[in-house]
Amino acid sequence: MSVKIEASGRRSIQVEVEVPGTPEQVWQAIASGPGISSWFAPTAIEERDGKPVAMTVTLGPGMENRTELTTWDAPRKFVSEGPGWFPGAPPVATEWTVEARAGGVCVVRLVQSLFASTNDWDDQLIGTESGIPGAFHILKLYLTYFRGQRSAFMQFMAPVMGTPADAWAMLTTAVGISGAGPGQRWAAPADAPALGGIVEDVKQTPPGALLRLDKPGPGIAALFIMDLGETVLAAFSFYLYGDQAAANVAREQPRWQAWIQERFPMPTEASEST
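Residues numbered from 1 in each chain as written. Predicted model: local features only at pLDDT ≥ 70, side-chain atom pairs only at ≥ 80, totals over all residues. Heavy atoms only, no water.

Enquirer: Is there a simple way to think about the pattern of salt bridges in this case?
Expert: When the charged atoms of two side chains with opposite charge come close together, those side chains can pair. Tallied over the full model, the rule gives 14 salt bridges. In this structure, arginine 11 and aspartate 122 form a salt bridge, with 2.8 Å as the shortest nitrogen-oxygen distance. Of this pair, arginine 11 sits in strand β2 (residues 10-20) while aspartate 122 sits in helix α3 (residues 122-145), and the two are 111 residues apart along the sequence. No difference in accessibility class separates arginine 11 from aspartate 122, as the two residues are buried. Across the pair aspartate 191 and arginine 263 runs a salt bridge, and its minimum N-O distance is 3.1 Å. Placement of aspartate 191 in the loop between β10 (185-187) and β11 (196-204) and of arginine 263 in helix α5 (residues 245-263) is noted, with a sequence separation of 72 residues between them. For arginine 263, a relative accessible area of 30% translates into the label partly exposed. Look at the salt bridges and you will find they share partners, linking Glu16, Glu99, Arg101 and Arg109 into a network. (Salt bridge = Lys/Arg side-chain N within 4 Å of Asp/Glu carboxyl O. Helix = DSSP H or I, 4+ residues; strand = E, 2+ residues; numbered from the N terminus. Buried < 20%, exposed > 50% of the residue type's maximum accessible area, 1.4 Å probe, protein only.)

Next up, the structure:
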C-alpha cells in the first residue's frame, strides 16, 4: 500500500472495483442514501433547493460522519469533504467516480486525499486503502444479486478475550463456517439464530468472511474481527434485502442480541487479568 505524494503537498490513495450495471444503476448504489445503506452503512443525503449538499454516514452508535458535498455530477462523479479522523488532522476529500466499460460493467473509483507537509496523517489514507476493498466486495455482491431491492441493516459488536486469531476461531465455530471456503453452502448450528447460504469469501489476515444469505432471508453477512490494540471485537454486519427485509431485521435483531450476549459475554476484570 502506498500514498501518492505530490509537490503541492497533496497526499492521496486510490482504490477501484469493477461492478455489474449501467452507470445510472451504479450511481444509485453509491450516491443515494438508500443505495449506500444497502452495502456500506446507514446513510442520509441532505438536499438544498433540490441539490445534494451533505452526506451523513452512521458507522455505529454515536459514530456519525457528516461531510459536505462539494461536487455533484451525476452519474459520473461526486466529491465529499470533511474533517480528518483525529484532532488537528487536515480536512479529507473523497472523490467517487463511475466509469462505464464494455460488457455491462462499470469501474467505481475512490480517491481520498489530504494536504500535509509530513506523513503524520497518512494512517487515515492507509486505513481507507486497506478497509474499502471489503466494502467494495459487498457493493459488487449487492449489484450482482440484489440491485435496486429494498434493504435493512443490523449490526452487532462484542468484545472477545484473547488474540484476533482466538476471536476468529470462536466466531467461525459459533456460526458454523470454520474450515469453509468460497462457493461452499453452509448453515449455522441449531443453537444459533437462523443463518445459512453460500460462502463468498474468507480471509485469515485480517480475519473476515462474506456470506451470501438465504436465511433468515435474502442478504449478505460480513463477519470480521477488529483489533483495537487493548480490545478485540467480533463484528457482525447483516444487509437483508427484499420486501420483507425490514420485517426480517425486526424479528431477528433481538434473537442475535440475545445469542451474542450468551456466546460472547462481556469480559470481566478477573478474566482479563488471567
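Picking up after the structure, the text goes on.
Enquirer: Explanation requested: the packing of helix α1 (residues 23-30) against α3 in the structure shown.
Expert: The packing of two helices is summarised by the inter-axis angle and the distance between the axes. Contact geometry of α1 with α3 gives a least axis separation of 11 Å together with a crossing angle of 130°. Put simply, α1 runs oblique to α3. Crossing handedness for the pair α1 and α3: right-handed. On α3, the residues touching Gln25, Val26, Ala29 and Ile30 of α1 are Leu139, Tyr142 and Leu143. Its residues assigned to classes, the contact of α1 with α3 shows six nonpolar, one polar and no charged. (Axes fitted to C-alpha atoms, helices over the stretch in contact; angles between N-to-C directions. Parallel < 35°, antiparallel > 145°, perpendicular 65-115°, else oblique. Left-handed = near helix turned anticlockwise from the far one by under 90°. Contact = heavy atoms within 4.5 Å. Nonpolar A, V, L, I, M, F, W, Y, C, P; charged D, E, K, R; others polar.)

That's the geometry; what it means functionally is another story.
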